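An overview of the molecular structure
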Amino acid sequence: MNKVVIAVVLAVIGLGAVGAAVAVNSKSNDTAKQVSDIDHTNMSDEEMKADNSSKSDPNEIKSGMVSVDIKDFAFATPKLKIKKGTKVTWTNQDSAKHDVTVDNGDSEAFMGSELLAKGESYDFTFNTIGTYSYNCSPHPYMKASVEVVE
């Protein structure tokens, strides 16, 4: 009889543990669902861009107008692939001055910027196919490139 009572107690404890595990798993699924069901209808265009930028494919070919932030002593998009005719705007978000200096010297196809203070921008429309490497002349370790395709 003692063995039967012990077996029943162990069975109840085992079922309780399974129930607790199911409850924890269910709770984490509910949290994941809540995060994935965030309502984007009240987000501004800028918030939507920021939300979607982390989900974009780095090999995606962008067109139209593209923004590149200069922040934390780096170009936020170090490798950019765009269609011919796309306008790229670089905006300095750092307190230090930065510029966009062309590495390969093809100033006809891509002209670099002057030094940009915080909040200042420089834009350039790429009309020539090719790959253009650039850096920040005061901080040459800051490197990036733009690949322009048809």
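Residues numbered from 1 in each chain as written. Predicted model: local features only at pLDDT ≥ 70, side-chain atom pairs only at ≥ 80, totals over all residues. Heavy atoms only, no water.

**Regarding the overall build of the chain**
- The helix and strand inventory of the chain stands at 2 helices and 7 strands.
- Written out in order from the N terminus, the α and β elements of the chain read α-α-β-β-β-β-β-β-β.
- Out of the 150 residues in the chain, the part that is buried amounts to 23%.
- Relative to all contacts within the chain whose residues are 6 or more apart in sequence, the contacts with residues 24 or more apart total 49%.
- Looking at the chain as shown, the accessible area adds up to about 10,100 Å², and 56% of this sits on carbon and sulfur atoms. (Helix = DSSP H or I, 4+ residues; strand = E, 2+ residues; numbered from the N terminus. Buried < 20%, exposed > 50% of the residue type's maximum accessible area, 1.4 Å probe, protein only. Contact = heavy atoms within 4.5 Å. Areas by Shrake-Rupley, 256 points an atom, 1.4 Å probe, with all protein chains shown as cover.)

**With respect to the pairing of strand E7 (residues 139–149)**
- Across 5 bridges, the pairing between strand E2 (residues 79–83) and E7 is parallel. Residue Lys-83 lies in a different strand from E7, and its bridge partner there is Val-149.
- Across 7 bridges, strand E6 (residues 130–136) lies against E7 in antiparallel orientation. Looking at E7, one finds that Cys-136 is bridged to His-139. (Pairing = 2+ DSSP bridges.)

**Some thoughts on the packing of aromatic side chains**
- Counted under the stated rule, the structure contains 11 aromatic pairs.
- Relative to Phe-126, the ring of Phe-124 lies with its centre 5.0 Å away and its plane at 75 degrees, an arrangement referred to as edge-to-face. One exposure class covers both Phe-124 and Phe-126, and it is buried.
- Grouping aromatic residues by their ring pairs yields a cluster made of Phe-75, Trp-90, Phe-110, Tyr-122, Phe-124, Phe-126, Tyr-132 and Tyr-134. (Phe/Tyr/Trp six-rings, centres within 6.5 Å; stacked < 30°, edge-to-face > 60°.)

**Digging into the environment of Phe-73**
- On the secondary structure map, Phe-73 appears in the loop between strand E1 (65–70) and E2.
- It is 9.7 Å that separates the C-alpha atoms of Phe-73 and Lys-97, two residues lying 24 residues apart in sequence.
- Other than its neighbours up to four places away in sequence, Phe-73 contacts Asp-94, Ala-96, His-98, His-139, Tyr-141 and Met-142.

**Some thoughts on the sheet that holds E6**
- Spatially, E2-E7-E6-E4 is the arrangement adopted by the 4 strands of the open sheet, whose pairing is mixed. Every interior strand has two partners, whereas the edge strands, E2 and strand E4 (101–102), have only one.
- Bridge count between E4 and E6: 2 bridges; the pairing is antiparallel. From the neighbouring strand, Thr-101 faces E6, where its bridge partner is Asn-135.

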